Amino acid sequence: MTTRRVLLAAVPALAATLLAAGCGGGGESGAPVATTEVTMVKSYRFEPKTIEVKAGQTVTWTNDDNFTHTVHVDGREDHEVGQGESVSIKFDTPGTYHYVCTLHRQDMDGTVIVK
Ligand SMILES: [Cu+2]
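Nothing here was measured: the structure is a model prediction, and the numbers come from that model.

About the criteria used
- Residues numbered from 1 in each chain as written.
- Predicted model: local features only at pLDDT ≥ 70, side-chain atom pairs only at ≥ 80, totals over all residues.
- Heavy atoms only, no water.
- Helix = DSSP H or I, 4+ residues; strand = E, 2+ residues; numbered from the N terminus.
- Buried < 20%, exposed > 50% of the residue type's maximum accessible area, 1.4 Å probe, protein only.
- Contact = heavy atoms within 4.5 Å.
- Areas by Shrake-Rupley, 256 points an atom, 1.4 Å probe, with all protein chains shown as cover.
- Salt bridge = Lys/Arg side-chain N within 4 Å of Asp/Glu carboxyl O.
- Pairing = 2+ DSSP bridges.
- Polar contact = N/O pair within 3.5 Å; in protein donor to acceptor, adjacent residues only side chain to side chain.

K.L.:
Which residues make up the overall build of the protein chain, and what values go with them?
P.N.:
The helix and strand inventory of the protein chain stands at two helices and 10 strands. For the protein chain, the succession of helices and strands along the chain, N to C, is α-α-β-β-β-β-β-β-β-β-β-β. Here the protein chain holds 115 residues, and 31% of them are scored as buried. Within the protein chain, contacts between residues at least 6 apart in sequence are counted, and of these 46% link residues at least 24 apart. Carbon and sulfur atoms provide 55% of the accessible area of the protein chain, an area that totals close to 7,100 Å².

K.L.:
So, unusual backbone geometry: which residues are in play, and what are the values?
P.N.:
Omega for the peptide link from Glu47 to Pro48 comes to -5 degrees, which places this bond in the cis form. Backbone geometry places Ser43, a non-glycine residue, at a positive phi of 85 degrees. By the secondary structure assignment, Ser43 is in the loop between β2 (37-41) and β3 (45-47). Ser43 gets classed as partly exposed once you look at its relative accessible area, which sits at 48%.

K.L.:
So, the pattern of salt bridges: which residues are in play, and what are the values?
P.N.:
A full pass over the atoms with the stated rule returns three salt bridges. Note that Glu47 is salt-bridged to Arg45, the shortest N-O span being 2.9 Å. When its relative accessible area of 25% is taken as the criterion, Glu47 is described as partly exposed. According to the relative accessible area criterion, Arg45 is partly exposed, its value standing at 34%. For Asp109, the salt bridge goes to Lys49, with nearest N and O atoms at 2.7 Å. Of the two residues, Asp109 is situated in strand β10 (residues 109-114) and Lys49 in the loop between β3 and β4 (50-53); the sequence distance between them amounts to 60 residues.

K.L.:
Can you lay out the sheet that holds strand β6 (residues 69-73) for me, pointing to particular residues and giving the numbers?
P.N.:
The strand order β1-β4-β10-β9-β6-β7 describes an open sheet built from six strands, whose pairing is mixed. Two strands lie at the open edges of the sheet, namely β1 (33-34) and β7 (78-81), each paired on one side alone. Taken together, the two bridges between β1 and β4 define a ladder with parallel strand orientation. If you follow Ala34 over to β4, its bridge partner there is Glu52.

K.L.:
Can you tell me about the side chain of His69, naming the residues and giving the values?
P.N.:
With respect to the helices and strands, the residue His69 is situated in strand β6. Under the relative-accessibility criterion, His69 is labelled buried at 0%. In terms of polar contacts, His69 uses its side chain to reach the side chain of His104, at 3.1 Å.

Right, here's the structure in full:
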């Protein structure tokens, strides 16, 4: 009986989480999106532009564009990511990490907030 109550209580919380995740669009408005997946989309953009992860998590950038891009996090090495490829970078220390594509740094940048 106790177990059943716990399960029922957990359902609305899960639904709320799914609804929040489904809203999307946070990248454009500047609000961080809780995800570890970033896509280089056509038109030279990182989507979402600003993400929020927990310390110790690994962020994966996938290139869905027709051109080669790079992921260069401030103070780290430059990772070239060809069409259809991806790169994963682990973030161990809390902080705000700005990154760019060094090939299109005027247009392509983003931020990883590590909590
Ligand atoms: Cu680029």
